[in-house]
Amino acid sequence: MEGSRPCKSCGKSSLVRDDVSAYLVCTSCGFVQDCQDFQAYFNGFKGPPEGTFVRVGTSGTGSSLNYKEKKILEAQKTMDDIVFRLGFSGPRKSEVKEMVEKITEGEYGLGDWFPILVGACAYVVMRTNKKSLSIAEMVSVIGCDIHELGRMVARVVDFLDLKLPEFDIVNSFERAIQTCPSFRRVSRDKVERMLKQGIFLVQCAVKWFLTTGRRPLPMVAAVLILVAELNEVDVQIEDVATEVHAAVATSKMRYKELLEALVEVGKGLPWGKDITIKNIVKNAPFVIQYMEIKSRSKHGEKRKNLEDVGYCVEDVVSDCLREEAGYAVHSNVFESDSHCFKAEDGSRFSRSSIDDLENLKVSHECLSMIYSKFLNDFSRVKAVEECRDDCGRKQKNRYELNDACHEWWSGKSELCKKLFLEQVLAKDVGFDALPPSFVTGCLATERRREKINAAKLRIDKVINPTNIDSANAGDVCLFDDRHSGKKRKRRHDGIDWEDVVIETLLLHQVKEEEIEKGNYKSLLGLCVFNSGV
């Protein structure tokens, strides 16, 4: 008998506990009791008190894990999932786990902060090993806010007392061109060619300070688009920017800045005045080859022979004017000009007979005239070939501009390999630029200086109406602010809100050097609204 309680069915006190189901069963009528009563045993041989399905001190044992073991297991799964999606190898995976364990002192965690910590440790491990991994790519894997991950990275670096190396944009470009889905169908040889061209352009962008103080991934996307266009790979800048985790609008802006820099380099060519932002892509092979030749020459060294000039004479003039050129329809189209540039063997220059550029009586004006004539004749030839299309057969001598310069890239420049920053800055690529932010700051300071001078004249005109010099205050030509890209609301007299603020600050005797810095809000708060305190 398990107890003196009677059966609910027959009323007899004949209840026993079933060994299999642990329920109370009446031995008289066989009725199973529906209530599982707590039955304690005191001073019995079974030890501590226990009840039905409730055992003291046994919670979380047996088939279920306790909290600490479960926390460690879930943390291990989280770390394995993140490093797997990042494609980390065995050593990198171990470094991430060791860093997380060191930071958490082996306690790990299960909150929303733990995946962010793992991502921050993975980013720090890649940066310390000089591998390219951007925070934007890490955010896409973890699914958190970029600023939140950045703060966690700063905390990890501060806790471990580390110093991260500079972000390597060259490695980032190499990884992008090898992993972007847009370039998976491109042949390996073309990818290798694009890789060298891209490294060359990326380091030129570093020399032109187009990456200084800016996010590097938009420039990586811009260079990818340019080398794709040069190698006739059909990609869209929106797709490439998304694949490298860069903002589309910023990537387009960097692409435009890169083209503008190439236009500045192209001004050194004989036909440089005809190169614009619209046709720079077609002239880019000539411009890049010119940059490559310049980078191979030592700084300050004067080129003495024709071989150093490269394409400037041989690859352009000779190829365009020789009789067997693919675009020539009539043999006498360039007969009057080609004889001046033909060598003795009938195809190339005789380099042994030319020791100095001065012996070649061809000026820049002559080369420009030849290039213009080539463009005009090319348009006529193309029109003639279009009229021949009705013959039903493909013309063997169809000429395309890209085919004429298919050998423009040699890849012999040192800029095709990864160099240190000092080495990159020491190279000559035909154009030296200042940082865009510095130029913008100088222009903004100059514009504010013009506004300050105009405001002083307007104030003096009101204070001293008889002053002759102040009578022409309205005729002062202010600095043109179209370069700033900002639209300002102006009154009918040509004065905008900035002019009013500058006048107010001048009237409160604020130093002109402080006004030139442009911190109007702080100056108004300190010198105008709190001036009476």
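These remarks concern the structure in this document. These figures come from a predicted structure and were not determined experimentally.

**Here's the deal with the overall build of the chain**
Then comes step 1: When helices and strands are counted, the chain shows 21 helices and 2 strands.
Then comes step 2: Within the chain, buried positions represent 38% of all 533 residues.
Then comes step 3: Sequence separation of at least 24 residues holds for 61% of the intrachain contacts in the chain that already meet a minimum separation of 6.
Then comes step 4: Working note: accessible area of the chain is about 32,300 Å², and carbon and sulfur atoms make up 51% of it.

**Some thoughts on a nonpolar patch on the surface**
Then comes step 1: Together, L434, F438 and V439 make up a nonpolar patch on the protein surface, roughly 280 Å² of accessible area in all.
Then comes step 2: Take V439: it is sitting in helix 18 (residues 436-463).

**A look at unusual backbone geometry**
Then comes step 1: Of note, the phi angle at E105 is positive, near 55°, even though the residue is not glycine.
Then comes step 2: Structurally, E105 is set in the loop between helix 2 (90-104) and helix 3 (113-128).
Then comes step 3: Of the residues examined, E105 reaches a relative accessible area of 67% and is grouped as exposed.
Then comes step 4: The backbone of K130 sits at a positive phi, close to 60°, despite the residue not being glycine.
Then comes step 5: Here K130 shows up in the loop between helix 3 and helix 4 (135-142).
Then comes step 6: Since its relative accessible area comes to 61%, K130 is described here as exposed.

**Overview of the state of the cysteines**
Then comes step 1: Across all of its chains, the model carries 0 disulfides by this definition.
Then comes step 2: There is no disulfide at C29, and the cysteine sulfur nearest it, in C26, is 3.6 Å away.
Then comes step 3: A relative accessible area of 38% places C29 in the partly exposed class.

**Description of helix 8 (residues 216-230)**
Then comes step 1: A rise of 1.5 Å per residue sets the reference length of helix 8, with its 15 residues, at 21 Å; its end C-alpha atoms lie 22 Å apart and thus fit the reference within 8%.
Then comes step 2: Downstream of helix 8 by a residue or two, E232 has a phi angle that is positive, lying close to 60°.

**Looking at the nonpolar core**
Most often, soluble globular proteins have nonpolar side chains that are buried together.
Then comes step 1: Grouped together as the largest cluster of nonpolar side chains are 62 residues, with contacts concentrated most on F173, F183, F200, W208, L224 and M291.
Then comes step 2: Looking at this core, the elements that each hand over two or more residues are helix 6 (169-179), helix 7 (188-207), helix 8, helix 9 (237-243), helix 10 (248-266) and helix 11 (280-296).
Then comes step 3: Looking at this core element by element, the count peaks at 12 residues for helix 8.
Then comes step 4: Excluding residues within four positions of it along the chain, M291 makes contact with F200, C204, W208, L262, V265, D428 and V429.

**Section: the packing of helix 19 (residues 497-507) against helix 21 (residues 520-528)**
Then comes step 1: Where helix 19 contacts helix 21, the axes come no closer than 11 Å and their chain directions differ by 35°. The two elements helix 19 and helix 21 cross, and the hand of that crossing is left-handed. In this structure, helix 19 uses W497, E498, V501, I502, T504 and L505 to contact helix 21, whose residues at the interface are Y520, L523, L524 and V528.
Then comes step 2: Residue composition of the contact of helix 19 with helix 21, by class: 8 nonpolar, 1 polar and 1 charged.

**Focus on the packing of helix 10 against helix 11**
Then comes step 1: In contact at an axis separation of 9 Å, helix 10 and helix 11 are set at 60° when each is read in the N-to-C sense. When the interaxial angle is binned, helix 10 and helix 11 end up oblique. Helix 10 and helix 11 meet at a crossing whose hand is left-handed. Touching Y255, L259, L262, V263, V265 and G266 of helix 10 are I280, V281, V287, Y290 and M291, all from helix 11.
Then comes step 2: For the contact of helix 10 with helix 11, the residue count by class is 10 nonpolar, 1 polar and no charged.

**Observations concerning the packing of aromatic side chains**
Then comes step 1: Overall, the coordinates contain 6 aromatic pairs when judged by the stated rule.
Then comes step 2: Aromatic side chains W497 and Y520 sit 6.2 Å apart centroid to centroid with 85° between the ring planes, which places their arrangement in the edge-to-face category. One end of the pair, W497, is in helix 19; the other, Y520, is in helix 21, and 23 residues separate them in sequence.
Then comes step 3: On the basis of relative accessible area, Y520 is assigned to the buried category, the value being 9%.
Then comes step 4: By the ring-pair criterion, three or more aromatic residues cluster together here, those being Y108, W113 and F114.

Rules behind the numbers
- Residues numbered from 1 in each chain as written.
- Predicted model: local features only at pLDDT ≥ 70, side-chain atom pairs only at ≥ 80, totals over all residues.
- Heavy atoms only, no water.
- Helix = DSSP H or I, 4+ residues; strand = E, 2+ residues; numbered from the N terminus.
- Buried < 20%, exposed > 50% of the residue type's maximum accessible area, 1.4 Å probe, protein only.
- Contact = heavy atoms within 4.5 Å.
- Areas by Shrake-Rupley, 256 points an atom, 1.4 Å probe, with all protein chains shown as cover.
- Patch = residues over 30% accessible without salt bridge, like charges linked within 9 Å, V, L, I, M, F, W, Y side chains within 5 Å.
- Salt bridge = Lys/Arg side-chain N within 4 Å of Asp/Glu carboxyl O.
- Disulfide = S-S within 2.5 Å.
- Expected span 1.5 Å × (residues − 1).
- Core = buried A, V, L, I, M, F, W, Y, C linked by side-chain atoms within 4.5 Å.
- Axes fitted to C-alpha atoms, helices over the stretch in contact; angles between N-to-C directions.
- Left-handed = near helix turned anticlockwise from the far one by under 90°.
- Nonpolar A, V, L, I, M, F, W, Y, C, P; charged D, E, K, R; others polar.
- Parallel < 35°, antiparallel > 145°, perpendicular 65-115°, else oblique.
- Phe/Tyr/Trp six-rings, centres within 6.5 Å; stacked < 30°, edge-to-face > 60°.

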